[in-house]
Structure formats: C-alpha cells, structure tokens
Amino acid sequence: MAWAPSAVWDDATSQFYVFWSARTYAASDTGHTGTPSLDKIRFATTKDFKTFSAPADYYALGDTPMIDQEFQYLGTSGHWARFIKNNSGSHVFEETTTGGLFGEWSRKSGYVTNDHPREGPVSFPDLQTSGLYHLWLDDTTTGYIPYQTSNIDGGAYTKSSYTGFPTGLKHGSVTPLTQNEYNAVLAKFPPA
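Residues numbered from 1 in each chain as written. Predicted model: local features only at pLDDT ≥ 70, side-chain atom pairs only at ≥ 80, totals over all residues. Heavy atoms only, no water.

K.L.:
Can you help me understand the overall build of the protein chain in this one?
P.N.:
Within the protein chain, the regular secondary structure consists of one helix and twelve strands. Starting at the N terminus and ending at the C terminus, the protein chain contains elements arranged as β-β-β-β-β-β-β-β-β-β-β-β-α. For 192 residues, the compact-globule formula gives about 16 Å, and the C-alpha radius of gyration of the protein chain, at 18 Å, lands near that figure. Its C-alpha atoms give the protein chain principal-axis dimensions of roughly 55 × 40 × 35 Å. For the protein chain, the proportion of its 192 residues judged to be buried stands at 41%. Across the protein chain, every contact between residues at least 6 apart in sequence was considered, and the portion connecting residues at least 24 apart equals 39%. Only carbon and sulfur atoms are counted for the fraction: they give 53% of the accessible area of the protein chain, which is about 11000 Å². Both charge centroids of the protein chain, one from 13 positive and one from 19 negative side chains, sit 4 Å from each other. (Helix = DSSP H or I, 4+ residues; strand = E, 2+ residues; numbered from the N terminus. Rg over C-alpha atoms; globule rule 2.2 N^0.38 Å. Buried < 20%, exposed > 50% of the residue type's maximum accessible area, 1.4 Å probe, protein only. Contact = heavy atoms within 4.5 Å. Areas by Shrake-Rupley, 256 points an atom, 1.4 Å probe, with all protein chains shown as cover. Lys, Arg positive; Asp, Glu negative; His and termini not counted. Charge placed at Lys NZ, Arg CZ, Asp CG, Glu CD.)

Here it is as structure tokens:
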C-alpha cells in the first residue's frame, strides 16, 4: 500500500520529501502473513526521483489510521498547514506549524468540515485574492467539493459557491500556470 503520494521541496536541505500513506509489517514478517500496522504517513527523501533514502514513519498515532496527507506552504520559512484524513471516520483535519515540516504541529479544533466522507485534500492559494486559500476535499461518492478560507491558521472553512465547478474530479493536485503556460494550453486545447 502506497497511497496518495506527494512531494515537498525543502530549500534548507536542497531535496524533496516524498510522503505517502502505508501499512507496514514487522521486519521479521518478510512474508507479510501477520497483521499490518494501521494506516500511517511515511516519507523518504530524493534529489532526483531516481534515488531515495530509506523510508521512515512521519505521522502515526498508533490507535487511529491516517491517510491522504497534503501540505500548504504559508509564505514564510517554516510556516505550513497540513491536512490529513482520519481514515476511521472519513474526516479531514488541519494542523499548522511555524517550525518546518518536522517542527511541532498544532491541530485545529474538530475537522475541516463535518461533511463526510471526505478525503484526498488539495490546498492552494487564490491567485487573485491575497490570504484566500482553497481546499478541495474528495467526496468518495461524487468527487471533489471546493471549500475556502480567509483564515487558514484558524481552520475555518466554508463551502465555495462556484457555478460550473467540474464534477467527477478525484484525488489530484492544482498547479498554477504562468500566463505563457496558460496561453500555450489554450492554443493547444481551445474551448469548444
């Protein structure tokens, strides 16, 4: 099991941290015949996506399965939000830190939304409104549902109201484009 992989660049060490959800077996259980651990977040590092460090645990609570972690950089060194799915309740919670990826994290009260099932978080800043962040959560029955906040450190999200939001989108990511990149995509795939 290697679910929901994501990569985060770290300027301080000039490498990527690659995260994914996994269950693991005891080192002595080479045939994987025993009981695996609960879902947890693992990581490895790479500079080239060809050679990786040995994997290690990143986030494991022991009594609660956790999957689908995603990070959001918040603009200043060490300041991050992360979103993780509690796999026993199909809810996503948020934590923030100013201490970097391996710093101390503070969990926001409750869940991002009480709507469920939700998983596969994708977070990105609005390109036009400073301080506005979007969070897409995958409703496992219908696809992504957009949420937003103007207080990402506070963890208060509301459903976004967009007409024409595409349906059927599942686990993924959002990548901002430069104007030149956007123009090239538009030229290659003009609107119907």
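After that view of the structure, there is still more to cover.
K.L.:
I'm lost on the packing of aromatic side chains in this one. Help?
P.N.:
By convention here, two paired aromatic rings are described through the distance between centres and the angle between planes. For the structure on display, the rule yields 21 aromatic pairs. Judged by centre distance (5.9 Å) and plane angle (75°), the rings of F71 and W80 are edge-to-face. Judged on exposure class, the residue F71 and its partner W80 are both buried. What links up through ring pairs into an aromatic cluster is the set Y17, F19, F43, Y58, F71, Y73, W80, F102 and W105. R107 extends its terminal NZ or CZ atom over the ring of F93, reaching a point 3.8 Å from the ring centre. (Phe/Tyr/Trp six-rings, centres within 6.5 Å; stacked < 30°, edge-to-face > 60°. Lys NZ or Arg CZ within 6 Å of the ring centre and 35° of its normal.)

K.L.:
Could you clarify how one ought to interpret the pairing of strand β5 (residues 66-73) in this entry?
P.N.:
Burial analysis of β5 places six of its eight residues in the buried class, which makes it a mostly covered element. Here β5 runs beside strand β6 (residues 80-86); their pairing, made up of six bridges, is antiparallel. The residue of β6 that forms the bridge with F71 is R82. Between the end of β5 and the start of β6, which pair antiparallel, lie six residues, with G75 showing a positive phi angle near 95°. (Pairing = 2+ DSSP bridges.)

K.L.:
So what exactly am I meant to see when it comes to the sheet that holds strand β7 (residues 91-97) here?
P.N.:
The strands that make up a sheet pair up through hydrogen bonds in the backbone, lying either parallel or antiparallel. Ordered in space as β5-β6-β7-β8, the four strands form an open sheet in which the pairing is antiparallel. Looking at strand neighbours, the two that pair on one side only are β5 and β8 (106-107), the edges of this open sheet. Judged from the seven bridges that link them, β6 and β7 form a sheet pairing that is antiparallel. Paired with W80 across the strands is T97, a residue of β7.

K.L.:
Sorry, what's going on with the pairing of strand β1 (residues 3-10) here?
P.N.:
For a regular strand, the rule is simple: side chains alternate between the two faces of the sheet. As paired strands, β1 and strand β2 (residues 15-22) are joined by six bridges and run antiparallel to one another. Note that in β2 the partner of S6 across the bridge is F19. Hairpin connection, β1 to β2: the antiparallel pair is bridged by four residues, and S14 has positive phi, about 50°.

K.L.:
What exactly am I supposed to notice about the environment of T45 here?
P.N.:
With respect to the secondary-structure elements, T45 resides in strand β3 (residues 40-46). Judged by its relative accessible area of 14%, T45 falls in the buried class. In this structure the C-alpha to C-alpha distance between T45 and V8, which are 37 residues apart in sequence, comes to 9.5 Å. If we skip the residues at most four places from it in the chain, T45 touches Q15, F16, Y17, T51, F52 and S53.

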